[in-house]
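Spelled out from the first residue to the last, the chains are:
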Amino acid sequence: MSEQDLEKRFRQYAEKEKETLKKHGKGTEEFVKEAMEWSRSVEGKLELDKFILSTEILHIEEEMEALRKRRDKKQKAISEIEDELKKHNNKE
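The residue numbers shown here count from 1 along each chain, following its written sequence. For this predicted model, a pLDDT threshold of at least 70 governs which residues receive local features, and a threshold of 80 or more governs which side-chain atom pairs are given and counted, while totals over whole chains, interfaces and linings are taken from all residues. Working from all heavy atoms in the structure, the side-chain values ignore hydrogens and water.

1. Focus on the overall build of the chain
When its secondary structure is counted, the chain shows 4 helices and 0 strands. To qualify as a helix, a DSSP run of H or I must reach at least 4 residues; to qualify as a strand, a run of E must reach at least 2; elements of each kind are numbered from the N terminus. Shown N-terminal to C-terminal, the secondary structure of the chain runs as helices and strands in the order α-α-α-α. Reported as C-alpha extents along the three principal axes, the dimensions of the chain are approximately 75 × 25 × 20 Å. Residue exposure (1.4 Å probe, protein chains only): buried if accessible area is under 20% of the type maximum, exposed if over 50%, otherwise partly exposed. When burial is assessed residue by residue, the chain has 21% of its 92 residues classed as buried. Here the chain contributes 22 positively and 24 negatively charged side chains, and the mean placements of these two sets differ by 4 Å. Residues counted as positive are Lys and Arg, residues counted as negative are Asp and Glu, and His and the chain ends are not counted. To locate a charge, the coordinates of NZ of Lys, CZ of Arg, CG of Asp or CD of Glu are taken.

Next up, the structure:
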């Protein structure tokens, strides 16, 4: 992969992950510059891979939290329905 292609790829990633990079205190240009430097050594490539995987884990955790919240809302709705059923059954 040419250096130009690599920079383009890092820039696309940075644009896509702008919010995540902010959480790590990095801007697009800073990330692209660091990524280009990292990509020049084996250790740097490993660090870059580690960073990207950490970002993916963060996204998975956010998705899991959103799913937990959805599940909790549905569980609460079930509990409310059960309470209504109990009230209804006690009237009979």
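There is more to say after this.
2. Considering helix α3 (residues 28–38)
Within the span of α3, buried status applies to Thr-28, Phe-31, Val-32, Glu-34, Ala-35 and Met-36. Residues count as neighbours in contact if any of their non-hydrogen atoms are within 4.5 Å of one another. Buried residues belonging to α3 abut α1 (3–16), α2 (18–23) and α4 (42–91).

3. Side note on the side chain of Ser-39
One can find Ser-39 in the loop between α3 and α4. Owing to a relative accessible area of 14%, Ser-39 belongs among the buried residues under this scheme. If we skip the residues at most four places from it in the chain, Ser-39 touches Leu-6, Phe-10 and Lys-45.

4. A closer look at the packing of aromatic side chains
Where two aromatic rings form a pair, the distance of their centres and the angle of their planes describe that pair. The rule is short: rings of Phe, Tyr and Trp, with Trp giving its six-membered ring, pair when the centres are within 6.5 Å, and they are stacked under 30 degrees, edge-to-face over 60, tilted in between. What the rule picks out here adds up to 3 aromatic pairs. Ring centres of Phe-10 and Phe-31 lie 6.4 Å apart, and the angle between their planes is 85 degrees; this geometry places the pair in the edge-to-face category. Within this pair, whereas Phe-10 is found in helix α1, its partner Phe-31 is found in helix α3, the two being separated by 21 residues in sequence. There is no split in this pair, since Phe-10 and Phe-31 are both buried. Residues Tyr-13 and Phe-31 carry aromatic rings whose centres are separated by 5.4 Å and whose planes lie at 40 degrees to one another, so their mutual orientation is tilted.

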